[in-house]
Amino acid sequence: MERKNAEYNTPKMASQSSLDASLSEKGWEIHFSKSQNRNYYFNKHTGKSVWHFEELERLEGSQSPDNDISSPAKKIKEETDESEAPETIQFVAKTKPNVTCHAMADEIIRKADPQVLEAHRLLWDIDTCSNAVIDIDACFEEQRHFRHLLPPHPDIEVQRATAAVQLRHKYAELCKSRIGIDEPRESFNRWILERKVIGCHGDPFFPALTESPVSTTMLRELSGNLPARLKEPRTILDAKRNLIAYADAAKKLVERKGGNMKQRKIIKWSTEEAFQWIRRSQSYTKEDFMDHLEHIKKQCGPLLQELMEPCVKEVCGRMCELADQEGKKIVANHRKLFQLSPDSPSSSSLIETGKNRAYKRDVYRLNSTSCAEAYREPEHSGPCYQIKLNRSLPCSLPLVSVAKSGNLVHLAYGNISHLIHQLYFDKLEMLYRIHCSEDEDLMEFDTRVWCLLTRYKCLFGIHPLEGASFQCSLPVAVFKMLQAQFDVTMELCASPFNCYFRQYCSAFADTDGYFGSRGPFFQFYPVGGSFQINPPFEEEFMEAMVDHVEALLGSSRLPLSFIIFLPDWRDPPTSALTRLESSRYKRKQLLLPRGEHYYRVGFQHEVKPEDLHFRAYCGTLIFFLQNDAGFDKWGPTEDRVAMVARICTENPKQN
């Protein structure tokens with residue numbers, strides 16, 4: 001979308017009369033920047049320039065023009081104070097603010113470039129309003145948390161990204177030195193996702209140090225890769241190499257670490273027997289090598305885990321300590337940058353002392369019977385409103401470099417740069433216009449897009465395609481079918497890049513909220529509506545998702561429906577899978593076999609169009625969870641389920 005051609009983004013030239021006479025005498029003038037399409041303040045005597053009037057006030061220490069009722073700064077301040085007033089139940093329970101928001105969004109969409117809008121409608125639905133109904137009382141404390149989130153700043157994102165890279169390298173070093181293995185693939189990312197379920201101390205990325213610092217995810221990942229990380233065998237030679245690598249690593253590990261008599265005896269005997277079996281091999285098949293590997297794993301695996309358990313727990317504890325230290329350091333720097341005192345309210349203190357933290361922990365584990373008995377009619381419910389972030393900045397955001405080359409947009413700040421397809425850049429701009437009307441002239445848009453890209457790159461790693469599996473989304477045809485058949489209008493595990501609807505839940509409220517995010521799924525309390533959930537494939541995250549969904553279904557009598565997509569992991573089956581299959585709210589489940597359906601890649605905003613889809617590497621189970629009212633309204637009939645199966649198995653590359 002070309003901003004220069006948009007009638008609602010025409011730059012407004014400020015007059016020189018808007019400056020105080022005292023400032024004019026000191027040499028200050030208002031000029032227009034053609035490159036940035038915005039006004040700025042320039043001192044002809046000193047050569048200094050600033051973007052915002054607040055910076056000019058602090059620089060000169062002059063009297064604020066707020067005393068003049070006709071001053072533009074006074075009018076802006078009055079409007080800001082009114083919109084940023086402390087939330088009350090009476091205000092957010094009304095539907096008028098939500099209706100006004102939707103009306104503004106419709107007006108913005110109407111004024112958009114028709115060609116760009118048509119391209120958007122082929123891939124996303126930004127016209128449809130969410131049918132979600134939320135419990136206002138339950139969301140009230142969470143809204144206070146969002147209002148106290150520190151706004152993203154490029155300098156802080158650079159610090160966070162640098163610290164994340166160092167922490168990843170430290171993790172690899174600890175795995176090698178303390179355990180003797182390479183770090184398991186994606187285990188760091190799964191650990192971050194698991195810790196996000198538990199909570200944080202104010203930093204949106206780094207986990208906090210909890211009462212149980214030993215991560216279940218990290219413990220399982222490290223123990224499962226003892227004594228060596230093996231690759232998926234594709235040939236007979238690969239299977240043979242895996243068996244040799246496992247036996248050799250197990251033998252060296254017990255020689256290096258020692259252990260008790262039983263451990264040394266069984267591991268030594270099993271590895272020697274495996275080597276003798278390999279020497280006798282003449283016409284063994286791939287399955288023979290794999291079966292023998294499973295045999296030696298059953299004999300040596302528990303003993304190796306018992307031997308290495310202290311070292312594994314030491315690595316887990318050390319990583320949690322380092323992450324906690326980095327998180328607190330970055331939060332302190334962030335607050336210092338925005339000139340906040342240590343005693344001012346923080347998001348972490350609000351979220352941990354809020355009534356909903358206790359609500360979640362108490363209700364999640366209720367069984368189906370007690371969940372029905374614990375039903376409470378919400379005193380205040382209404383349409384899902386947009387979260388309100390703290391948009392008043394004590395200092396202006398620095399500018400990022402933006403350059404366009406063909407269908408790509410290049411954004412750079414410092415030594416960190418990102419590439420994003422023009423189509424997705426335009427999508428972010430449309431979402432930003434809808435959900436961040438305060439920045440009508442897009443003064444902060446480029447900087448906030450750069451912060452968004454940096455945060456997600458920080459989350460999913462530094463290696464090519466690392467973390468892509470955590471951001472996979474459904475093909476467009478599947479979303480259209482879910483909307484047409486089940487009235488789905490909101491995703492509960494998405495991001496600004498892969499979302500289909502204009503309102504969704506995502507990992508980071510502070511960066512994603514400007515682009516339509518409703519915040520994390522575990523801080524969202526709908527009592528009505530139809531939703532789609534495709535969570536990151538991380539076991540603890542998926543189990544917490546089941547807790548939250550069942551608690552919501554058990555505490556609402558309004559029509560409520562969740563269509564959940566989970567991997568068909570059966571060796572062994574995940575806790576989330578077994579619980580969903582036995583859930584009292586399950587109305588139907590559908591299996592999509594491996595290789596017979598498709599996903600959109602996680603980094604769809606970066607890859608070429610021909611690489612946008614891929615065949616699923618494992619089966620997918622679709623669960624339809626609904627309360628009684630939701631089943632009456634959106635029940636998975638045979639025709640609807642058949643439509644789901646047909647659309648999901650269609651090749652999107654041929655459409």
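Residues numbered from 1 in each chain as written. Predicted model: local features only at pLDDT ≥ 70, side-chain atom pairs only at ≥ 80, totals over all residues. Heavy atoms only, no water.

**A word on the overall build of the chain**
Here is step 1 of the chain: Within the chain one finds 24 helices and 14 strands.
Here is step 2 of the chain: In the chain, which comprises 655 residues, the proportion classed as buried is 53%.
Here is step 3 of the chain: Counting only contacts in the chain whose residues sit at least 6 apart along the sequence, the fraction spanning at least 24 positions is 73%.
Here is step 4 of the chain: Accessible area of the chain: about 30,000 Å², with a carbon and sulfur share of 51%. (Helix = DSSP H or I, 4+ residues; strand = E, 2+ residues; numbered from the N terminus. Buried < 20%, exposed > 50% of the residue type's maximum accessible area, 1.4 Å probe, protein only. Contact = heavy atoms within 4.5 Å. Areas by Shrake-Rupley, 256 points an atom, 1.4 Å probe, with all protein chains shown as cover.)

**Structural notes on the sheet that holds strand 4 (residues 133-135)**
Here is step 1 of the chain: If you walk across this open sheet you meet the 6 strands as 5-4-9-10-14-11, and the pairing is mixed. Edge positions in the sheet fall to strand 5 (381-383) and strand 11 (586-592), since each of these pairs with one other strand and no more. Going from strand to strand, the sheet's axes swing by 30 degrees on average, the running direction of each strand aside. (Pairing = 2+ DSSP bridges. Axes fitted to C-alpha atoms, helices over the stretch in contact; angles between N-to-C directions.)

**Quick look at the side chain of glutamine 263**
Here is step 1 of the chain: Along the chain, glutamine 263 turns up in helix 12 (residues 261-279).
Here is step 2 of the chain: Not counting chain neighbours up to four residues away, the residues in contact with glutamine 263 comprise Val254, Leu303, Glu306 and Leu307.

**Things to note about the packing of helix 11 (residues 236-257) against helix 13 (residues 286-337)**
Here is step 1 of the chain: Axis separation between helix 11 and helix 13 bottoms out at 10 Å; the angle between their running directions is 25 degrees. Classified by the angle their axes make, helix 11 and helix 13 are roughly parallel. Relative to helix 13, helix 11 is oriented so that their crossing is left-handed.
Here is step 2 of the chain: Considering only residue class, the contact of helix 11 with helix 13 consists of 17 nonpolar, 3 polar and 4 charged. (Parallel < 35°, antiparallel > 145°, perpendicular 65-115°, else oblique. Left-handed = near helix turned anticlockwise from the far one by under 90°. Nonpolar A, V, L, I, M, F, W, Y, C, P; charged D, E, K, R; others polar.)

**Brief notes about a negative patch on the surface**
Here is step 1 of the chain: A cluster of like negative charges, contributed by Glu287, Asp291, Glu294 and Asp571, occupies part of the molecular surface.
Here is step 2 of the chain: Counting through the fold element by element, aspartate 291 comes out in helix 13. (Patch = residues over 30% accessible without salt bridge, like charges linked within 9 Å, V, L, I, M, F, W, Y side chains within 5 Å. Salt bridge = Lys/Arg side-chain N within 4 Å of Asp/Glu carboxyl O. Lys, Arg positive; Asp, Glu negative; His and termini not counted. Charge placed at Lys NZ, Arg CZ, Asp CG, Glu CD.)

**Focus: the sheet that holds strand 8 (residues 416-421)**
Two orientations exist for strands paired in a sheet by backbone hydrogen bonds: parallel and antiparallel.
Here is step 1 of the chain: Pairing in this open sheet of 3 strands is antiparallel, and the strands run 6-7-8 from one edge to the other. Lying at the two open borders of the sheet, with one neighbouring strand each, are strand 6 (401-405) and strand 8. Taken pair by pair, the neighbouring strands of this sheet meet at an average axis angle of 20 degrees, ignoring direction.
Here is step 2 of the chain: In the sheet, strand 7 (residues 408-413) pairs with strand 8 via 6 bridges, with the strands oriented antiparallel. Within strand 8, the position partnered with alanine 412 by the bridge is serine 417.
Here is step 3 of the chain: Contacts from helix 17 (residues 422-435) reach strand 6, strand 7 and strand 8, with the element oriented near 95 degrees to strand 8.

**Description of a positive patch on the surface**
Here is step 1 of the chain: Side chains of Arg185, Arg229, Lys231 and Arg241 sit close together on the surface and give a patch of like positive charge.
Here is step 2 of the chain: Relative to the helices and strands, arginine 241 resides in helix 11.

**Points about helix 18 (residues 445-460)**
Every α-helix carries 3.6 residues per turn, so stepping three or four residues along brings you back to the same face.
Here is step 1 of the chain: Relative to the 22 Å expected for 16 residues at 1.5 Å per residue, helix 18 spans 23 Å between its end C-alpha atoms, a close match to the ideal helical length.
Here is step 2 of the chain: Burial analysis of helix 18 places 15 of its 16 residues in the buried class, which makes it a mostly covered element.
Here is step 3 of the chain: Of the residues flanking the end of helix 18, it is glycine 461, one or two places downstream, whose phi is positive at about 105 degrees. (Expected span 1.5 Å × (residues − 1).)

**Digging into the state of the cysteines**
Here is step 1 of the chain: On inspection of all chains with the given rule, the structure shows 0 disulfides.
Here is step 2 of the chain: You can see cysteine 316 has no disulfide; the closest cysteine sulfur is in cysteine 320, sitting 7.0 Å from it. (Disulfide = S-S within 2.5 Å.)

**Some thoughts on the packing of aromatic side chains**
Here is step 1 of the chain: By the definition in use, this model includes 25 aromatic pairs.
Here is step 2 of the chain: Summarising the aromatic geometry, the rings of tyrosine 284 and phenylalanine 289 are spaced 6.0 Å apart at their centres and angled 80 degrees between planes, so their arrangement reads as edge-to-face.
Here is step 3 of the chain: Residue classification places phenylalanine 289 among the buried positions, given a relative accessible area of 3%.
Here is step 4 of the chain: Their ring planes at 80 degrees and their centres at 6.0 Å tell us that phenylalanine 537 and tryptophan 569 sit as a pair that is edge-to-face. One end of the pair, phenylalanine 537, is in the loop between strand 9 (526-533) and helix 21 (539-553); the other, tryptophan 569, is in the loop between strand 10 (560-567) and helix 22 (575-581), with 32 residues separating them in the sequence.
Here is step 5 of the chain: Owing to a relative accessible area of 22%, tryptophan 569 belongs among the partly exposed residues under this scheme.
Here is step 6 of the chain: By the ring-pair criterion, three or more aromatic residues cluster together here, those being Phe425, Tyr432, Phe445 and Phe515. (Phe/Tyr/Trp six-rings, centres within 6.5 Å; stacked < 30°, edge-to-face > 60°.)

**Examining the packing of helix 12 against helix 13**
Here is step 1 of the chain: The interhelical angle for the contact between helix 12 and helix 13, taken along N-to-C directions, is 165 degrees, at an axis separation of 10 Å. Classed by the angle they form, the pair helix 12 and helix 13 counts as roughly antiparallel. For the crossing formed where helix 12 meets helix 13, the hand is left-handed. Of the residues in helix 13, those in contact with Lys262, Gln263, Ile266, Ile267, Trp269, Ser270, Thr271, Glu273, Ala274 and Trp277 of helix 12 are Asp288, Phe289, His292, Ile296, Gln299, Cys300, Leu303, Leu304, Glu306 and Leu307.
Here is step 2 of the chain: For the contact of helix 12 with helix 13, the per-class residue count stands at 11 nonpolar, 5 polar and 4 charged.

**A word on the confidence of the model for the chain**
Here is step 1 of the chain: Looking at the chain, pLDDT values average 79 and 78% of them are 70 or higher.
Here is step 2 of the chain: When pLDDT is averaged over each element of the chain, strand 14 (residues 620-626) comes out on top at 97 and helix 4 (residues 89-93) at the bottom at 27.
Here is step 3 of the chain: A low-confidence stretch, residues 1-17 stays under pLDDT 50, and its non-local contacts, those more than four residues away or across chains, total 38 contacts.
Here is step 4 of the chain: The model gives residues 347-375 a pLDDT under 50, and that stretch makes 58 contacts with residues more than four places away or in other chains. (pLDDT = per-residue confidence, 0-100.)

**Thoughts on the nonpolar core**
Here is step 1 of the chain: Of all hydrophobic cores here, the largest spans 155 residues; its most connected members are Leu222, Phe515, Phe562 and Ile564.
Here is step 2 of the chain: If you tally residues by element for this core, the top one is helix 13, at 17 residues.
Here is step 3 of the chain: Leave out the neighbours within four places in its chain, and phenylalanine 562 touches Leu492, Pro526, Phe531, Ile533, Val549, Leu552, Leu553, Phe623, Phe624 and Leu625.
Here is step 4 of the chain: The next biggest cluster of nonpolar side chains, apart from the first, holds 8 residues, and it includes Leu19, Trp28, Tyr41 and Val50. (Core = buried A, V, L, I, M, F, W, Y, C linked by side-chain atoms within 4.5 Å.)

**Quick word on the pairing of strand 7**
Here is step 1 of the chain: In the sheet, strand 6 pairs with strand 7 via 5 bridges, with the strands oriented antiparallel. Within strand 7, the position partnered with serine 401 by the bridge is alanine 412.
Here is step 2 of the chain: Between strand 6 and strand 7, which pair antiparallel one after the other, the connecting turn spans 2 residues, and glycine 406 there sits at a positive phi close to 65 degrees.

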